[in-house]
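Read off the chains here:
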Protein chains: 2
Amino acid sequence: MAEGTKWLDHDEQVAWRGFILGTQLLMDRLDRDLRLEHGISLPEYEILVRLSESPGREMRMALLADALCHSRSRVTHAVARMERAGLLERSKSGQDGRGVDAIMSQAGYDLLVRASPTHVEGVRRHLVDIAGTDFPVVGRVMNDVSDRLLAGKPASADPRRDCS
Amino acid sequence: MAEGTKWLDHDEQVAWRGFILGTQLLMDRLDRDLRLEHGISLPEYEILVRLSESPGREMRMALLADALCHSRSRVTHAVARMERAGLLERSKSGQDGRGVDAIMSQAGYDLLVRASPTHVEGVRRHLVDIAGTDFPVVGRVMNDVSDRLLAGKPASADPRRDCS
DNA sequence: GATCGGAAGTTGAACGTTCACTTAATCGGA
DNA sequence: TCCGATTAAGTGAACGTTCAACTTCCGATC
(Lines give C-alpha, C1' and ligand atoms only; values in the text may rest on other atoms or scores of the structure.)
Protein backbone atom coordinates (compact mmCIF):
# COMPACT_ATOMS: atom_id res chain seq x y z
CA MET A 1 0.00 0.00 0.00
CA ALA A 2 3.05 2.25 0.12
CA GLU A 3 3.26 2.55 -3.64
CA GLY A 4 2.61 5.78 -5.45
CA THR A 5 -1.15 5.34 -5.52
CA LYS A 6 -3.08 8.08 -3.79
CA TRP A 7 -6.06 6.23 -2.36
CA LEU A 8 -9.48 7.73 -1.81
CA ASP A 9 -10.11 9.00 1.71
CA HIS A 10 -13.35 8.15 3.47
CA ASP A 11 -15.39 11.07 2.18
CA GLU A 12 -14.15 10.58 -1.35
CA GLN A 13 -15.02 6.91 -1.10
CA VAL A 14 -18.56 7.70 0.01
CA ALA A 15 -18.96 10.25 -2.78
CA TRP A 16 -17.61 7.87 -5.42
CA ARG A 17 -19.83 4.99 -4.37
CA GLY A 18 -22.80 7.30 -4.30
CA PHE A 19 -21.91 8.38 -7.79
CA ILE A 20 -21.65 4.86 -9.16
CA LEU A 21 -24.81 3.68 -7.46
CA GLY A 22 -26.81 6.82 -8.20
CA THR A 23 -26.04 6.87 -11.90
CA GLN A 24 -26.76 3.16 -12.16
CA LEU A 25 -30.12 3.44 -10.39
CA LEU A 26 -31.04 6.57 -12.32
CA MET A 27 -30.32 5.12 -15.75
CA ASP A 28 -32.01 1.84 -14.85
CA ARG A 29 -35.09 3.72 -13.75
CA LEU A 30 -35.31 5.94 -16.83
CA ASP A 31 -34.82 2.89 -19.05
CA ARG A 32 -37.42 0.87 -17.19
CA ASP A 33 -40.03 3.64 -17.32
CA LEU A 34 -39.62 4.02 -21.07
CA ARG A 35 -39.82 0.27 -21.60
CA LEU A 36 -42.90 -0.24 -19.45
CA GLU A 37 -44.84 2.76 -20.69
CA HIS A 38 -43.76 2.88 -24.32
CA GLY A 39 -41.93 -0.35 -25.17
CA ILE A 40 -38.73 1.48 -26.02
CA SER A 41 -35.29 1.48 -24.40
CA LEU A 42 -33.34 4.57 -23.35
CA PRO A 43 -30.72 4.12 -26.12
CA GLU A 44 -33.52 3.81 -28.67
CA TYR A 45 -35.17 6.90 -27.29
CA GLU A 46 -31.92 8.81 -27.67
CA ILE A 47 -31.69 7.80 -31.31
CA LEU A 48 -35.20 9.11 -31.89
CA VAL A 49 -34.28 12.40 -30.19
CA ARG A 50 -31.23 12.90 -32.39
CA LEU A 51 -33.15 12.13 -35.54
CA SER A 52 -35.95 14.49 -34.55
CA GLU A 53 -33.45 17.33 -34.11
CA SER A 54 -31.77 16.80 -37.45
CA PRO A 55 -33.07 18.60 -40.55
CA GLY A 56 -35.42 16.30 -42.45
CA ARG A 57 -35.50 14.01 -39.41
CA GLU A 58 -32.75 11.96 -41.02
CA MET A 59 -29.12 11.35 -40.22
CA ARG A 60 -26.11 9.53 -41.58
CA MET A 61 -25.28 6.41 -39.59
CA ALA A 62 -21.79 7.60 -38.73
CA LEU A 63 -23.05 10.95 -37.50
CA LEU A 64 -25.57 9.21 -35.31
CA ALA A 65 -22.83 7.01 -33.89
CA ASP A 66 -20.53 9.96 -33.21
CA ALA A 67 -23.29 12.05 -31.66
CA LEU A 68 -24.18 9.28 -29.22
CA CYS A 69 -20.61 8.05 -28.75
CA HIS A 70 -21.69 4.57 -29.73
CA SER A 71 -19.80 2.17 -31.96
CA ARG A 72 -20.81 1.97 -35.60
CA SER A 73 -21.73 -1.65 -35.09
CA ARG A 74 -23.98 -0.81 -32.19
CA VAL A 75 -25.83 1.80 -34.23
CA THR A 76 -26.18 -0.62 -37.14
CA HIS A 77 -27.81 -3.21 -34.92
CA ALA A 78 -30.01 -0.71 -33.10
CA VAL A 79 -31.20 0.94 -36.30
CA ALA A 80 -31.90 -2.47 -37.83
CA ARG A 81 -34.12 -3.36 -34.86
CA MET A 82 -35.88 -0.01 -34.99
CA GLU A 83 -36.43 -0.37 -38.72
CA ARG A 84 -38.07 -3.75 -38.09
CA ALA A 85 -40.26 -2.03 -35.51
CA GLY A 86 -41.26 0.59 -38.07
CA LEU A 87 -39.73 3.53 -36.21
CA LEU A 88 -37.43 4.53 -39.06
CA GLU A 89 -36.20 3.57 -42.51
CA ARG A 90 -32.83 3.32 -44.16
CA SER A 91 -31.88 4.56 -47.59
CA LYS A 92 -28.57 4.88 -49.42
CA SER A 93 -27.24 8.39 -49.16
CA GLY A 94 -27.12 10.31 -52.43
CA GLN A 95 -23.69 11.92 -52.27
CA ASP A 96 -21.55 9.22 -50.75
CA GLY A 97 -22.16 5.77 -52.19
CA ARG A 98 -21.03 4.22 -48.93
CA GLY A 99 -23.34 6.30 -46.78
CA VAL A 100 -26.71 5.31 -45.36
CA ASP A 101 -29.32 7.67 -43.98
CA ALA A 102 -31.56 6.70 -41.10
CA ILE A 103 -34.90 8.43 -41.66
CA MET A 104 -37.42 8.75 -38.88
CA SER A 105 -40.90 7.49 -39.77
CA GLN A 106 -44.14 9.10 -38.69
CA ALA A 107 -44.65 6.22 -36.26
CA GLY A 108 -41.22 6.96 -34.81
CA TYR A 109 -42.05 10.61 -34.41
CA ASP A 110 -45.40 9.84 -32.83
CA LEU A 111 -43.73 7.49 -30.39
CA LEU A 112 -41.18 10.14 -29.46
CA VAL A 113 -43.94 12.65 -28.81
CA ARG A 114 -45.68 10.16 -26.54
CA ALA A 115 -42.51 9.05 -24.75
CA SER A 116 -40.78 12.35 -24.14
CA PRO A 117 -43.01 13.48 -21.25
CA THR A 118 -42.25 10.22 -19.46
CA HIS A 119 -38.55 10.74 -19.96
CA VAL A 120 -38.35 14.43 -19.11
CA GLU A 121 -40.50 14.05 -16.04
CA GLY A 122 -38.28 11.19 -14.89
CA VAL A 123 -35.15 13.28 -15.35
CA ARG A 124 -36.73 16.11 -13.39
CA ARG A 125 -38.11 14.03 -10.58
CA HIS A 126 -35.10 11.79 -10.09
CA LEU A 127 -32.23 14.18 -10.77
CA VAL A 128 -32.91 17.83 -11.52
CA ASP A 129 -35.28 18.45 -8.63
CA ILE A 130 -33.13 16.49 -6.21
CA ALA A 131 -29.95 18.29 -7.20
CA GLY A 132 -31.74 21.64 -6.92
CA THR A 133 -29.36 24.57 -7.21
CA ASP A 134 -26.45 22.13 -7.51
CA PHE A 135 -27.66 20.74 -10.81
CA PRO A 136 -25.69 23.23 -12.92
CA VAL A 137 -22.57 22.26 -10.98
CA VAL A 138 -23.14 18.58 -11.71
CA GLY A 139 -23.73 19.43 -15.34
CA ARG A 140 -20.56 21.43 -15.60
CA VAL A 141 -18.46 18.74 -13.94
CA MET A 142 -19.78 15.98 -16.18
CA ASN A 143 -19.32 18.12 -19.27
CA ASP A 144 -15.70 18.65 -18.23
CA VAL A 145 -15.35 14.90 -17.74
CA SER A 146 -16.70 14.31 -21.24
CA ASP A 147 -14.40 16.88 -22.78
CA ARG A 148 -11.39 15.40 -21.06
CA LEU A 149 -12.22 11.86 -22.10
CA LEU A 150 -12.95 12.90 -25.67
CA ALA A 151 -9.72 14.85 -26.04
CA GLY A 152 -7.12 12.74 -27.77
CA LYS A 153 -9.65 10.78 -29.79
CA PRO A 154 -10.67 13.14 -32.61
CA ALA A 155 -13.42 10.62 -33.42
CA SER A 156 -14.78 12.25 -36.56
CA ALA A 157 -13.03 14.78 -38.74
CA ASP A 158 -15.93 17.21 -38.46
CA PRO A 159 -15.08 19.80 -35.86
CA ARG A 160 -17.70 20.48 -33.21
CA ARG A 161 -19.68 17.40 -34.17
CA ASP A 162 -18.18 14.83 -31.85
CA CYS A 163 -20.54 13.45 -29.25
CA SER A 164 -22.51 16.63 -28.97
CA MET B 1 -46.46 20.55 -26.36
CA ALA B 2 -48.91 22.46 -24.23
CA GLU B 3 -49.52 19.57 -21.84
CA GLY B 4 -48.43 19.64 -18.25
CA THR B 5 -44.87 18.60 -18.96
CA LYS B 6 -42.26 21.06 -17.82
CA TRP B 7 -39.55 20.71 -20.45
CA LEU B 8 -35.86 21.25 -19.88
CA ASP B 9 -34.62 24.69 -20.78
CA HIS B 10 -31.43 25.10 -22.79
CA ASP B 11 -29.00 25.09 -19.86
CA GLU B 12 -30.71 22.13 -18.25
CA GLN B 13 -30.57 20.30 -21.53
CA VAL B 14 -26.83 20.92 -21.87
CA ALA B 15 -26.26 19.80 -18.28
CA TRP B 16 -28.33 16.66 -18.71
CA ARG B 17 -26.65 15.62 -21.94
CA GLY B 18 -23.27 16.26 -20.38
CA PHE B 19 -24.30 14.07 -17.49
CA ILE B 20 -25.42 11.18 -19.67
CA LEU B 21 -22.40 11.36 -21.92
CA GLY B 22 -19.90 11.95 -19.12
CA THR B 23 -21.04 9.03 -17.00
CA GLN B 24 -21.13 6.79 -20.06
CA LEU B 25 -17.61 7.72 -21.14
CA LEU B 26 -16.30 7.52 -17.59
CA MET B 27 -17.67 4.06 -16.88
CA ASP B 28 -16.59 2.79 -20.29
CA ARG B 29 -13.09 4.05 -19.66
CA LEU B 30 -12.77 2.57 -16.18
CA ASP B 31 -14.11 -0.74 -17.47
CA ARG B 32 -11.78 -0.75 -20.45
CA ASP B 33 -8.70 0.04 -18.36
CA LEU B 34 -9.44 -2.82 -15.98
CA ARG B 35 -10.06 -5.22 -18.86
CA LEU B 36 -6.93 -4.31 -20.77
CA GLU B 37 -4.56 -4.21 -17.82
CA HIS B 38 -6.01 -6.96 -15.64
CA GLY B 39 -8.52 -8.95 -17.68
CA ILE B 40 -11.38 -8.09 -15.35
CA SER B 41 -14.54 -6.03 -15.83
CA LEU B 42 -15.71 -3.19 -13.59
CA PRO B 43 -18.65 -5.20 -12.19
CA GLU B 44 -16.27 -8.08 -11.40
CA TYR B 45 -13.88 -5.67 -9.74
CA GLU B 46 -16.70 -4.35 -7.57
CA ILE B 47 -17.54 -7.87 -6.44
CA LEU B 48 -13.93 -8.39 -5.42
CA VAL B 49 -13.98 -5.11 -3.48
CA ARG B 50 -17.10 -6.07 -1.54
CA LEU B 51 -15.73 -9.50 -0.71
CA SER B 52 -12.42 -8.02 0.42
CA GLU B 53 -14.23 -5.70 2.84
CA SER B 54 -16.35 -8.44 4.37
CA PRO B 55 -15.07 -10.37 7.40
CA GLY B 56 -13.48 -13.60 6.24
CA ARG B 57 -13.50 -12.24 2.70
CA GLU B 58 -16.76 -14.07 2.15
CA MET B 59 -20.34 -12.99 1.61
CA ARG B 60 -23.80 -14.44 1.14
CA MET B 61 -25.00 -14.20 -2.44
CA ALA B 62 -28.06 -12.16 -1.51
CA LEU B 63 -26.00 -9.68 0.49
CA LEU B 64 -23.67 -9.25 -2.43
CA ALA B 65 -26.62 -8.64 -4.73
CA ASP B 66 -28.18 -6.10 -2.37
CA ALA B 67 -24.90 -4.30 -1.77
CA LEU B 68 -24.32 -3.84 -5.49
CA CYS B 69 -28.00 -3.36 -6.36
CA HIS B 70 -27.77 -6.17 -8.87
CA SER B 71 -30.33 -8.88 -9.48
CA ARG B 72 -29.80 -12.24 -7.80
CA SER B 73 -29.55 -13.82 -11.20
CA ARG B 74 -26.88 -11.43 -12.31
CA VAL B 75 -24.78 -12.17 -9.25
CA THR B 76 -25.25 -15.91 -9.73
CA HIS B 77 -23.94 -15.69 -13.30
CA ALA B 78 -21.09 -13.35 -12.42
CA VAL B 79 -19.97 -15.42 -9.44
CA ALA B 80 -20.13 -18.58 -11.56
CA ARG B 81 -17.83 -17.01 -14.14
CA MET B 82 -15.46 -15.76 -11.47
CA GLU B 83 -15.43 -19.17 -9.84
CA ARG B 84 -14.43 -20.69 -13.17
CA ALA B 85 -11.65 -18.10 -13.36
CA GLY B 86 -10.45 -19.12 -9.91
CA LEU B 87 -11.14 -15.75 -8.27
CA LEU B 88 -13.49 -17.17 -5.64
CA GLU B 89 -15.28 -20.29 -4.47
CA ARG B 90 -18.80 -21.11 -3.42
CA SER B 91 -19.87 -23.16 -0.46
CA LYS B 92 -23.24 -23.86 1.15
CA SER B 93 -23.81 -21.59 4.10
CA GLY B 94 -23.91 -23.33 7.47
CA GLN B 95 -26.89 -21.70 9.12
CA ASP B 96 -29.36 -21.37 6.28
CA GLY B 97 -29.64 -24.43 4.09
CA ARG B 98 -30.67 -22.24 1.19
CA GLY B 99 -27.74 -19.87 1.53
CA VAL B 100 -24.52 -19.87 -0.43
CA ASP B 101 -21.32 -18.06 0.50
CA ALA B 102 -19.00 -16.58 -2.08
CA ILE B 103 -15.47 -16.85 -0.72
CA MET B 104 -12.62 -14.87 -2.21
CA SER B 105 -9.59 -16.96 -3.17
CA GLN B 106 -5.99 -15.88 -2.75
CA ALA B 107 -5.80 -15.42 -6.52
CA GLY B 108 -8.82 -13.14 -6.31
CA TYR B 109 -7.25 -11.10 -3.56
CA ASP B 110 -3.96 -10.85 -5.43
CA LEU B 111 -5.79 -9.67 -8.53
CA LEU B 112 -7.63 -7.03 -6.53
CA VAL B 113 -4.35 -5.77 -5.08
CA ARG B 114 -2.92 -5.49 -8.56
CA ALA B 115 -6.02 -3.92 -10.11
CA SER B 116 -6.96 -1.37 -7.48
CA PRO B 117 -4.25 1.17 -8.34
CA THR B 118 -5.45 1.14 -11.94
CA HIS B 119 -9.00 1.74 -10.83
CA VAL B 120 -8.34 4.39 -8.18
CA GLU B 121 -5.99 6.34 -10.39
CA GLY B 122 -8.60 6.27 -13.13
CA VAL B 123 -11.28 7.58 -10.81
CA ARG B 124 -8.96 10.36 -9.66
CA ARG B 125 -7.72 11.36 -13.08
CA HIS B 126 -11.05 11.23 -14.88
CA LEU B 127 -13.44 12.46 -12.21
CA VAL B 128 -12.12 13.57 -8.81
CA ASP B 129 -9.37 15.81 -10.11
CA ILE B 130 -11.58 17.27 -12.80
CA ALA B 131 -14.42 18.01 -10.41
CA GLY B 132 -11.99 19.60 -7.97
CA THR B 133 -13.74 21.31 -5.08
CA ASP B 134 -17.09 20.41 -6.64
CA PHE B 135 -16.56 16.70 -6.18
CA PRO B 136 -18.22 16.60 -2.74
CA VAL B 137 -21.23 18.35 -4.25
CA VAL B 138 -21.49 15.75 -6.99
CA GLY B 139 -21.14 13.03 -4.39
CA ARG B 140 -23.87 14.47 -2.22
CA VAL B 141 -26.26 14.90 -5.14
CA MET B 142 -25.78 11.36 -6.38
CA ASN B 143 -26.14 9.95 -2.89
CA ASP B 144 -29.44 11.82 -2.61
CA VAL B 145 -30.49 10.38 -5.96
CA SER B 146 -29.68 6.89 -4.73
CA ASP B 147 -31.58 7.38 -1.49
CA ARG B 148 -34.62 8.67 -3.33
CA LEU B 149 -34.63 5.83 -5.81
CA LEU B 150 -34.13 3.22 -3.12
CA ALA B 151 -36.92 4.56 -0.93
CA GLY B 152 -40.07 2.55 -1.45
CA LYS B 153 -38.23 -0.65 -2.26
CA PRO B 154 -37.00 -2.00 1.08
CA ALA B 155 -34.96 -4.51 -0.93
CA SER B 156 -33.66 -6.58 1.97
CA ALA B 157 -35.14 -6.73 5.41
CA ASP B 158 -31.80 -5.82 6.98
CA PRO B 159 -31.86 -2.14 7.83
CA ARG B 160 -28.87 -0.11 6.69
CA ARG B 161 -27.61 -2.88 4.44
CA ASP B 162 -29.35 -1.93 1.23
CA CYS B 163 -27.03 -1.01 -1.57
CA SER B 164 -24.46 0.50 0.71
C1' DG C 1 -46.24 -31.90 12.83
C1' DA C 2 -48.43 -31.00 8.28
C1' DT C 3 -49.15 -27.16 5.27
C1' DC C 4 -48.66 -22.95 2.92
C1' DG C 5 -46.22 -18.58 1.79
C1' DG C 6 -42.16 -16.68 0.91
C1' DA C 7 -37.05 -16.33 0.50
C1' DA C 8 -32.35 -18.02 -1.53
C1' DG C 9 -30.40 -19.47 -5.29
C1' DT C 10 -30.09 -21.44 -9.97
C1' DT C 11 -31.23 -22.21 -14.87
C1' DG C 12 -31.75 -21.38 -19.73
C1' DA C 13 -33.50 -18.54 -23.28
C1' DA C 14 -33.84 -13.87 -25.19
C1' DC C 15 -31.89 -9.60 -25.89
C1' DG C 16 -28.40 -5.97 -26.66
C1' DT C 17 -23.45 -4.75 -26.95
C1' DT C 18 -18.76 -5.74 -28.31
C1' DC C 19 -15.35 -7.55 -31.16
C1' DA C 20 -13.04 -9.09 -35.24
C1' DC C 21 -13.79 -9.48 -39.82
C1' DT C 22 -15.78 -8.39 -44.44
C1' DT C 23 -17.57 -5.68 -48.32
C1' DA C 24 -17.98 -1.68 -50.86
C1' DA C 25 -16.99 3.01 -52.09
C1' DT C 26 -14.04 7.18 -51.88
C1' DC C 27 -9.85 9.76 -51.67
C1' DG C 28 -5.03 11.03 -52.78
C1' DG C 29 -0.87 10.64 -54.55
C1' DA C 30 2.46 8.35 -58.23
C1' DT D 1 -5.43 6.53 -64.33
C1' DC D 2 -4.38 3.41 -61.34
C1' DC D 3 -3.39 1.66 -56.79
C1' DG D 4 -3.10 1.64 -51.85
C1' DA D 5 -5.02 3.60 -47.87
C1' DT D 6 -8.97 4.99 -45.60
C1' DT D 7 -13.84 5.41 -44.45
C1' DA D 8 -18.93 3.72 -44.24
C1' DA D 9 -21.55 0.22 -43.04
C1' DG D 10 -22.83 -4.49 -42.16
C1' DT D 11 -22.23 -9.46 -40.31
C1' DG D 12 -22.10 -13.11 -37.05
C1' DA D 13 -20.23 -15.04 -32.95
C1' DA D 14 -19.18 -14.27 -28.06
C1' DC D 15 -20.29 -12.23 -23.95
C1' DG D 16 -23.02 -10.27 -20.10
C1' DT D 17 -27.63 -8.93 -18.36
C1' DT D 18 -32.58 -9.61 -17.90
C1' DC D 19 -36.54 -12.25 -17.40
C1' DA D 20 -39.48 -15.91 -16.21
C1' DA D 21 -39.62 -20.23 -14.56
C1' DC D 22 -38.13 -23.61 -11.17
C1' DT D 23 -36.08 -26.05 -6.96
C1' DT D 24 -35.01 -26.13 -2.39
C1' DC D 25 -35.41 -24.73 2.12
C1' DC D 26 -37.05 -21.87 6.10
C1' DG D 27 -40.76 -20.29 9.23
C1' DA D 28 -45.17 -19.27 10.75
C1' DT D 29 -49.71 -20.99 11.65
C1' DC D 30 -53.24 -23.97 13.04
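Preceding this paragraph is the structure being described.
In this text, all values refer to a predicted model and were calculated from it rather than measured experimentally.

So what's going on with the pairing of strand β3 (residues 100-104) of chain B? Which residues, and what values?
All names here are of chain B. Where strand β1 (residues 58-60) meets β3, three bridges bridge the pair, whose relative direction is antiparallel. Its bridge partner lying in β3, E58 is registered against I103. As paired strands, strand β2 (residues 88-92) and β3 are joined by five bridges and run antiparallel to one another. Considered in β3, the bridge of S91 is made with D101.

Give a description of the interface of chain B and chain A that names residues and reports values.
The interface of chain B with chain A comprises 58 residues on the first partner and 57 residues on the second. When the area that chain B buries against chain A is broken down by residue, the three leading residues are W16(B), R124(B) and L149(B), summing to 12%. Along the contact surface separating chain B from chain A lie six salt bridges. Here E12(B) and R124(A) are joined by a salt bridge, their closest N and O atoms 3.1 Å apart. For the pair chain B and chain A, the number of links is 20 residue pairs in polar contact (both at pLDDT 80 or more). Secondary structure elements with two or more residues in the side of chain B that touches chain A: α1 (10-38), α2 (42-53), α5 (106-131) and α6 (135-150) of chain B. Examining the composition of the side of chain B that touches chain A, we find that 17 residues originate from one element, α1(B), more than from any other. Within the side of chain B that touches chain A, the residues separate by chemical class into 31 nonpolar, twelve polar and 15 charged.

Describe the relation of the copies chain B and chain A, naming the residues involved and giving the relevant values.
One copy of the chain maps onto the second through a rotation around an axis plus a translation along that axis. Rotating chain B by 180° about the axis while translating it 0.0 Å along that axis superimposes it on chain A, leaving an RMSD of 0.0 Å. Both copies are brought into coincidence by an operation consistent with a two-fold rotation axis. Of every C-alpha in chain B, the one belonging to V138(B) sits nearest the axis of rotation, 2.9 Å from it. Taken as a fraction of all interface residues of chain B, those also at the interface in chain A reach 98%, which identifies the copy contact as same-surface.

For the sheet that holds strand β3 (residues 100-104) of chain A, give the residues involved together with the corresponding values.
Residues and elements named next belong to chain A. Taken together, three strands build an open sheet; the order of strands is β1-β3-β2 and the sheet is antiparallel. Only two strands of the sheet have a single partner each, and these edge strands are β1 (58-60) and β2 (88-92). On average, each strand axis in the sheet is inclined to that of its neighbour by 25°, with strand direction left out of account. Together, β1 and β3 form the strand contacts of helix α3 (residues 61-68), whose direction differs from that of β1 by roughly 90°.

Mind laying out the environment of V123(A), listing which residues take part and the relevant values?
Of note, V123(A) is situated in helix α5 (residues 106-131). A relative accessible area of 1% places V123(A) in the buried class. Between the alpha carbons of V123(A) and R29(A) there is a distance of 9.7 Å; along the sequence they are 94 residues apart. Beyond its immediate sequence surroundings of up to four residues, V123(A) is in contact with L30(A), V128(A) and W16(B).

Could you give an account of the pattern of salt bridges, with specific residues and numbers?
On inspection of all chains with the given rule, the structure shows 20 salt bridges over all chains. Of the charged contacts in the structure, one is a salt bridge between E53(B) and R17(A), with a shortest N-O distance of 2.6 Å. Residue E53(B) is found in helix α2, and its partner R17(A) is found in helix α1 (residues 10-38); the two belong to separate chains. By relative accessible area, E53(B) is classed as partly exposed at 46%. By relative accessible area, R17(A) is classed as partly exposed at 22%. Two residues, D33(B) and R29(B), come together in a salt bridge whose shortest N-O distance is 3.1 Å. Of this pair, D33(B) and R29(B) both sit in helix α1, four residues apart, which is roughly one turn of that helix. Taking the relative accessible area as the measure of exposure, R29(B) reaches 31% and is therefore partly exposed. One network of salt bridges, with partners in common, ties together R60(A), D96(A) and R98(A).

Calculation notes
- Residues numbered from 1 in each chain as written.
- Chains lettered and ligands numbered in written order.
- Predicted model: local features only at pLDDT ≥ 70, side-chain atom pairs only at ≥ 80, totals over all residues.
- Heavy atoms only, no water.
- Pairing = 2+ DSSP bridges.
- Helix = DSSP H or I, 4+ residues; strand = E, 2+ residues; numbered from the N terminus.
- Contact = heavy atoms within 4.5 Å.
- Buried area = accessible area lost by both parts, 1.4 Å probe.
- Salt bridge = Lys/Arg side-chain N within 4 Å of Asp/Glu carboxyl O.
- Polar contact = N/O pair within 3.5 Å; in protein donor to acceptor, adjacent residues only side chain to side chain.
- Nonpolar A, V, L, I, M, F, W, Y, C, P; charged D, E, K, R; others polar.
- Least-squares fit on C-alpha atoms with pLDDT ≥ 70 in both.
- Axes fitted to C-alpha atoms, helices over the stretch in contact; angles between N-to-C directions.
- Buried < 20%, exposed > 50% of the residue type's maximum accessible area, 1.4 Å probe, protein only.

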